[in-house]
Amino acid sequence: MRRYLTDPEKYPQTRFDLVKEAVISGLVVLVLVVIASAALGVPYVKPLTIQQVATSEPVLFLQTAAHELDDTSAIAQYGPPYNNGTGSLQAIGSFHPQTLLGVTTPINPAQVDVLRPLSMAVPLDPALKPALSRWAAASRSQQDAWVNAYLQALSRASAAGSSVQVPMAADGPVPAMLSALRALGSGGLMSGALDRLNPVYRYDVAPSLLFLQGTALQQMAQKYDLLGGEWGIMHDELNYPGPWWLTPYTALYQIPPYSTSPAGDLMAAYSMLIILLLLLAIPFLPGVRELPNKLRVYRLVWRDWYHSVERGPGAATRSAQAEQRRQAT
Amino acid sequence: MSRRDHGSANWTAAVRKQAETFTWDMLLPTEQPIYVRSVVYSFGALTLGALVVVVLSGIVLAANGPFWWQTPGAGAFMRGIHYWGVQAFFFFMILHLTAQFFMGSWRLGRQGTWVLGVLSFAVSVVTAFTGYLSRGDFFSQWNQVQSKDAFNGAGIGGWFNVLNNGQIYGLHIAVLPAILIAMVSLHLLLVRRHGVVPPYPAENERLERGPAR
Ligand code: HEM
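Residues numbered from 1 in each chain as written. Chains lettered and ligands numbered in written order. Predicted model: local features only at pLDDT ≥ 70, side-chain atom pairs only at ≥ 80, totals over all residues. Heavy atoms only, no water.

Here we come to the interface of chain B and chain A. Opposite the 101 residues of chain B that make contact, chain A presents 102 residues. For the pairing of chain B and chain A, the buried interface totals around 9100 Å² over both sides, and the portion due to carbon and sulfur atoms is 67%. Per-residue buried area on chain B facing chain A is highest for Trp84(B), Phe138(B) and Trp142(B); these three make up 8% of the total on that side. Scanning the region where chain B abuts chain A turns up three salt bridges. A salt bridge links Glu203(B) to Arg296(A); the nearest nitrogen and oxygen atoms lie 2.8 Å apart. Where chain B packs against chain A, one counts 27 residue pairs in polar contact (both at pLDDT 80 or more). Tallying contributions element by element places helix H6 (residues 74-102) of chain B first for the side of chain B that touches chain A, with 17 residues. Here three bridges tie strand S1 (residues 13-15) of chain A to strand S1 (residues 31-33) of chain B, and the two strands are oriented antiparallel to one another. In the strand pairing of S1(B), Arg15(A) is matched with Glu31(B). (Contact = heavy atoms within 4.5 Å. Buried area = accessible area lost by both parts, 1.4 Å probe. Salt bridge = Lys/Arg side-chain N within 4 Å of Asp/Glu carboxyl O. Polar contact = N/O pair within 3.5 Å; in protein donor to acceptor, adjacent residues only side chain to side chain. Helix = DSSP H or I, 4+ residues; strand = E, 2+ residues; numbered from the N terminus. Pairing = 2+ DSSP bridges.)

Time to look at the coordination of the iron atom of the ligand. Residues and elements named next belong to chain B. Those protein atoms acting as donors to the iron atom of the ligand are His96 (NE2) and His187 (NE2), and they sit at 2.0 Å. Bound by six donor atoms, the iron atom of the ligand shows angles of 83 to 179° at the metal and therefore octahedral coordination geometry. Placement of His96 in helix H6 and of His187 in helix H9 (residues 165-194) is noted, with a sequence separation of 91 residues between them. When sorted by exposure, His96 lands in the same class as His187, which is buried. (Donors = N, O, S within 2.8 Å, 3.2 Å for Na, K, Ca; no water. Tetrahedral: all angles 85-135°; square planar, octahedral: opposite > 155°, others 65-115°. Buried < 20%, exposed > 50% of the residue type's maximum accessible area, 1.4 Å probe, protein only.)

For the rest of this paragraph, the subject is unusual backbone geometry. Of note, the bond from Pro80(A) into Pro81(A) is cis; its omega dihedral lies within 30 degrees of zero at 5°. Looking at where Pro81(A) falls in the secondary structure, it is placed in the loop between helix H3 (58-69) and helix H4 (109-121). A positive phi angle, close to 60°, is found at Asp71(A), a residue other than glycine. Turning to its location among the elements, Asp71(A) is positioned in the loop between H3 and H4. The residue Leu108(B) is not glycine, and still its phi comes out positive at about 55°. Since its relative accessible area comes to 39%, Leu108(B) is described here as partly exposed.

Attention now goes to the packing of H4(A) against helix H5 (residues 128-137) of chain A. All names here are of chain A. Running from amino to carboxyl end, H4 crosses H5 at an angle of 145°, the nearest separation of the two axes being 10 Å. Once H4 is placed against H5, the crossing between them reads as left-handed. Here Leu115, Leu118, Ser119 and Ala121 of H4 lie close against H5, whose contacting residues are Leu128, Leu132 and Trp135. Residue composition of the contact of H4 with H5, grouped by class: six nonpolar, one polar and no charged. (Axes fitted to C-alpha atoms, helices over the stretch in contact; angles between N-to-C directions. Left-handed = near helix turned anticlockwise from the far one by under 90°. Nonpolar A, V, L, I, M, F, W, Y, C, P; charged D, E, K, R; others polar.)

So, on to the domain arrangement of chain A. All names here are of chain A. The domain boundaries assigned to chain A delineate domain 1 (50-218) and domain 2 (224-284). For domain 1 versus domain 2, the separation of C-alpha centres amounts to 32 Å. Listed per partner, the contact involves six residues of domain 1 and eight residues of domain 2. Taken over both partners, the interface formed by domain 1 and domain 2 buries close to 550 Å², and the fraction arising from carbon and sulfur atoms is 66%. The tally of links between domain 1 and domain 2 comes to zero salt bridges. For the interface between domain 1 and domain 2, the tally reads two residue pairs in polar contact (both at pLDDT 80 or more). (Domains from an automatic or database assignment.)

A word on the packing of helix H4 (residues 40-64) of chain B against H9(B). Each pair of packed helices gets described by two things: the angle between the helix axes and the distance between those axes. Residues and elements named next belong to chain B. Where H4 meets H9, the closest approach of the two axes is 12 Å, and the angle between their N-to-C directions is 155°. Compared by their axis directions, H4 and H9 come out roughly antiparallel. Once H4 is placed against H9, the crossing between them reads as left-handed. Between H4, through Leu48, Leu51, Val55 and Ala62, and H9, the contact on the second element is made entirely by Tyr169, Ile173, Leu180, Ile181, Val184 and Leu188. (Parallel < 35°, antiparallel > 145°, perpendicular 65-115°, else oblique.)

The structure is reproduced here in structure tokens:
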């Protein structure tokens, strides 16, 4: 073990109190942080709720719900870990680790986001029952035709504040179902009806977030300049620093191929893994590990030391002795 | 004594051997070599100070729960301490990392210290990220839906489910801090065990010893 210890013969020692050093450092940080917290506060923006979308963006709410019902939403087509779709499956050639663990959080948006909440609402709104039975009895192509007709009608809908007038169309039970769903939403009951993948421990908010994830959250994110092309998640929050230590990672998303490829996330993740491995390997890579010696920035850190060795008392003798020994060998 | 007691092949014996040779004076030295005289030597200690502030404020936050820290007043103030502590932690850690790079501090058997430092950095980033997800405001929601694609695409989303607040919060307040604290402790033990890395040879010493390792 001795070889590890700095040689006291070579390097004179000075008195040093590590405990004092540590305590002072802790106190310095504590004081800075308490001042920052008191003077600057913390970022906080109220979360977006389904209730808000149902009341202030009724057409958006109905569109989202119609796509979920028809399995044409982004999530319905997503792929692992939610289902077996391919819509958001990222692959580089035949490399697609996304499929590795399979479907671990199965989500059937039509069921979870629309049909189940509605069946839960039947006791409150018995008129829903025939509409649901009609939907359940219909063929798949009939259901698609209804939803398409409804979406077309919806595009011509007139909305005033929180009320919408959807023109008549051959859309079967869909308008009755979705306006009942919106009633659930604007009453504030919907996320409770959605987030029950486990009815007791309701920590998994996938259903409600996945309902919001499309246009609704995007619109709100745009308001705060949070979109991916605007440095996404590391963007400052309001005027507070965001997760700026993710800069090297989010920087990747600003340049091709990461910014353009549908497998951008996959590439960025594995690029970061490679960077991490390189960082770990610095002490072992010949050439790289000699860089600090070449760059000589260390002369700033130890400038007092070099000053005393190279110019202090005895420095000239030491140089001469070294020179003599060098010539002798 | 039998070979079992001292054989280095036996890891329990190796641990015991470490315990025998590691002294309190190594851990808390009363002397340092004379070249230890620069502000860069405080960066590690400041990083550690920030980590302590973050852990202690985090304990207070966890003890009081999400509603408390989302309510203006004492809860928000404590969240501020936690948040700004994290800012300080990363700020000092990056200064520390940069300085250690330019000092070539992995020299003379200190590679393990560097490796543990880098791993601590990586774990810190994941820990801080799960913290952002646990705040419970709009930014959390946005980061959840955005980052799910990244984790899913990378192949770990099937286990690391950012939409599951229970899992992410548990990782943030227990699992990841435990790993981080263990790594930092080992990092510090190694620093103390090896002693502070000596400077690269001075110009007049180089004549004698040739280029530094
Ligand atoms: C969790 C964060 C970290 C903490 C709390 C921490 C703490 C410390 C402390 C207190 C020291 C001794 C004093 C000093 O030289 O500054 C030290 C030394 C060291 N740290 Fe860290 N560190 C952390 C992260 C890192 C990282 C990210 C790296 C590099 C990638 C790193 C590399 C080193 C090295 C190589 C030394 C040895 C310096 C020597 O022997 O002179 N550390 N660390």
